[in-house]
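Working through the structure, step by step
Below are the chains, spelled out letter by letter.
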Amino acid sequence: MKIGIVCYPTFGGSGVVATELGKALAKKGHEIHFITYSQPVRLDSYTENVFYHEVVVSDYPLFDYQPYELVLSSRMVDVVKNEKLDLLHVHYAIPHASAAYMAQQILKDSGIQLPFITTLHGTDITLVGRDASFEPVITFAINHSNAVTAVSESLKQDTYKYFNVKRDIDVIPNFINLDEYGQATRDCNRHTFAPNGEKLMVHVSNFRKVKRVEDVLRVFDKVRKKIPTRLILVGDGPERSNIEKLCRELNTCDDIISLGKVQNPAQVLSVGDLFILPSETESFGLSALEAMASRVPVISTNTGGLPEVNINGVTGFTSNVGDVEDMAKNAITILSDEATLQKFKHDAYEQAKNFSIESILPMYEELYAKVLKG
Ligand code: GMT
């Protein structure tokens, strides 16, 4: 098949899933065309069957806001016509689903029938999309997509709750290429981060408010009072300065290693003992799955799709949003003896296997085939 993929090319989970999906489909012989405003971060080297089409928005002085969505639709039309694409798969509803609908209508005028699939990722539904300023467009675009997928059962139910959507939504969870995880390298070894044999806690996110990174620091502060532990922070974003302020207040900065944005966190995860994700809302929690694929158990909240990924008491623990006491208690339980830690590590990896790319990829291929049949 010839498939166009539209996504955010940044460090966010939706862009990572879209890029890894495209690369995996290309490996199976499909021809993949990424249509985005910059090269997706995980598309860092030449991959056979993968092509990239940049969406360039010129800066015209009349506009206070450049009409990105229109340029994206025009680019989709152009790529579909010239590359003879069979379908479009857009990731994150805003504004990709409505831009795809517009492209579909334009192509119809030239006698081209182009189906498009929308994958809902999380904040496009639970935070941004349900805002009144987007809601009517999102509802329309979801209802007029040829197929819609959500990355968890929880996100599917949220879509029905927040939008006037009656159509079927397929749940296709985030996936992982297990071969790429769990390999410590010379550049990233335990001793660098834990010179005195401390335990290592890891948090990976885009440091947005919804990730509650302050809770990460509060839990860490409680854990290190009981067990010698250091914290590795991967990522960057709007909460960074608040975090730096809080670590000074808590007097924990010396034991926190801030790595900033890391293109592929697999190496860092491979040296971790415990991953922490105390999000306010999380439709799936791809970073938690990446941790589990690295044999790292997870302390998370029980919000959204997280309990579908992190099984309470098995692969880690889940707590109510903001309950730092409980998260710290659970973290101490896992870290306090080696046998318990090894059991959680083993079970976390076993759970990650349920989301292997080998089992999830065919779900997308079947959906594409179904949509093309009409
Ligand atoms: O979590 C983020 O801030 C990034 C966001 C995105 O849209 O890129 O991630 C969302 O999509 C991921 C991939 O499907 C999910 O694993 C994340 O749970 C989801 N984030 C939220 O729901 C907050």
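Not measured: the values here are computed from a predicted model. (Residues numbered from 1 in each chain as written. Predicted model: local features only at pLDDT ≥ 70, side-chain atom pairs only at ≥ 80, totals over all residues. Heavy atoms only, no water.)

1. Looking at the site of the ligand
Condition: Whether a residue is near a molecule or strand depends on its heavy atoms: it is near if one of them lies within 4 Å of it. Whenever a nitrogen or oxygen atom comes within 3.5 Å of another N or O atom, the pair is scored as a polar contact, on the condition that within protein one atom can donate a hydrogen and the other can accept it, and that pairs from neighbouring residues in sequence are kept only if both atoms are in side chains. Where accessible areas are quoted, they stem from the Shrake-Rupley method and a 1.4 Å probe; at the residue level, only the protein chains shown are allowed to cover. Of the two site types, the cavity is a set of points on a 1 Å grid over the protein atoms alone where a 1.4 Å probe fits but cannot get out, and the pocket is an open set with protein on both sides within 12 Å along at least five of seven lines, each lined by residues with an atom within 4 Å of a point. Each molecule is assigned to a cavity or pocket provided more than half of its atoms lie within 2 Å of the corresponding grid points. For the purposes of this entry, the term helix denotes a DSSP run of H or I that reaches at least four residues, the term strand denotes a run of E that reaches at least two, and both are numbered from the N terminus. Residue classes follow a fixed rule: Ala, Val, Leu, Ile, Met, Phe, Trp, Tyr, Cys and Pro count as nonpolar, while Asp, Glu, Lys and Arg count as charged, and any other residue, Gly among them, counts as polar. Note that the domain bounds were set by an automatic or database domain assignment.
Looking at the ligand, there are 19 residues lining it, with His121, Asn206, Arg208, Lys211 and Glu282 nearest. Within the side chain of Arg208, an N or O atom sits 2.2 Å from an oxygen atom of the ligand. Leu286 places a main-chain nitrogen or oxygen 3.0 Å from an oxygen atom of the ligand. Bound to the protein, the ligand loses 96% of the 480 Å² it would expose on its own. Of the pockets mapped on this structure, the ligand occupies the largest pocket. Ranked by residue count, the leading element in the shell around the ligand is helix α1 (residues 13-27), at three residues. Across the shell around the ligand, the residue classes tally to five nonpolar, eleven polar and three charged. Here the shell around the ligand gathers at least three residues from each of two domains, domain 1 (2-175 + 357-373) and domain 2 (178-355).

2. What to know about helix α11 (residues 286-293)
Rules: Partly exposed describes any residue whose relative accessible area lies between the buried limit of under 20% and the exposed limit of over 50%, with all areas from a 1.4 Å probe on protein chains only and scaled to the type maximum.
Counted residue by residue, α11 has eight buried out of eight residues, so it is predominantly covered. Two residues or fewer past α11, Arg295 is found with a positive phi of approximately 65 degrees.

3. Here we look at the sheet that holds strand β9 (residues 229-234)
Note the following rule: If DSSP finds at least two bridges between two strands, the strands pair. Here an axis means a line fitted to C-alpha atoms, over the contact stretch when the element is a helix, while the angle between two N-to-C directions is reported on a 0 to 180 degree scale.
As summarised here, the arrangement of the six strands in space is β10-β9-β8-β11-β12-β13, forming an open sheet in which the pairing is parallel. The outermost strands of the open sheet, each flanked by one partner alone, are β10 (256-260) and β13 (316-319). Looking at each pair of strands side by side, their axes are set apart by 20 degrees on average, direction ignored. Pairing of strand β8 (residues 199-204) with strand β11 (residues 274-277), which is carried by two bridges, proceeds in the parallel orientation.

4. A short note on the domain arrangement of the chain
As a reminder, the rule being used: Note on contacts: a residue pair is in contact if any heavy atoms of the two residues lie within 4.5 Å. Each of two parts loses accessible area, computed with a 1.4 Å probe, when they are put together; buried area is these two losses added.
Looking at the assigned domains, one finds that the chain contains domain 1 (2-175 + 357-373) and domain 2 (178-355). Centre-to-centre, using C-alpha coordinates, domain 1 lies 30 Å away from domain 2. Residue-level contacts link 24 residues of domain 1 with 21 residues of domain 2. With both sides pooled, the region where domain 1 packs onto domain 2 buries about 1600 Å², and carbon together with sulfur makes up 53% of that total.

5. Some words on the pairing of strand β2 (residues 31-36)
Test applied: The handedness rule is simple: strands pointing away from the viewer, and a clockwise path from the first strand over the helix to the second, make the crossover right-handed.
Counting buried positions along β2 yields five of six residues, so the element is predominantly enclosed. Sheet topology places strand β1 (residues 2-6) next to β2; four bridges connect them, and they run parallel. Note that in β2 the partner of Ile3 across the bridge is Ile32. In terms of handedness, the path from β1 via α1 over to β2 forms a crossover that is right-handed.

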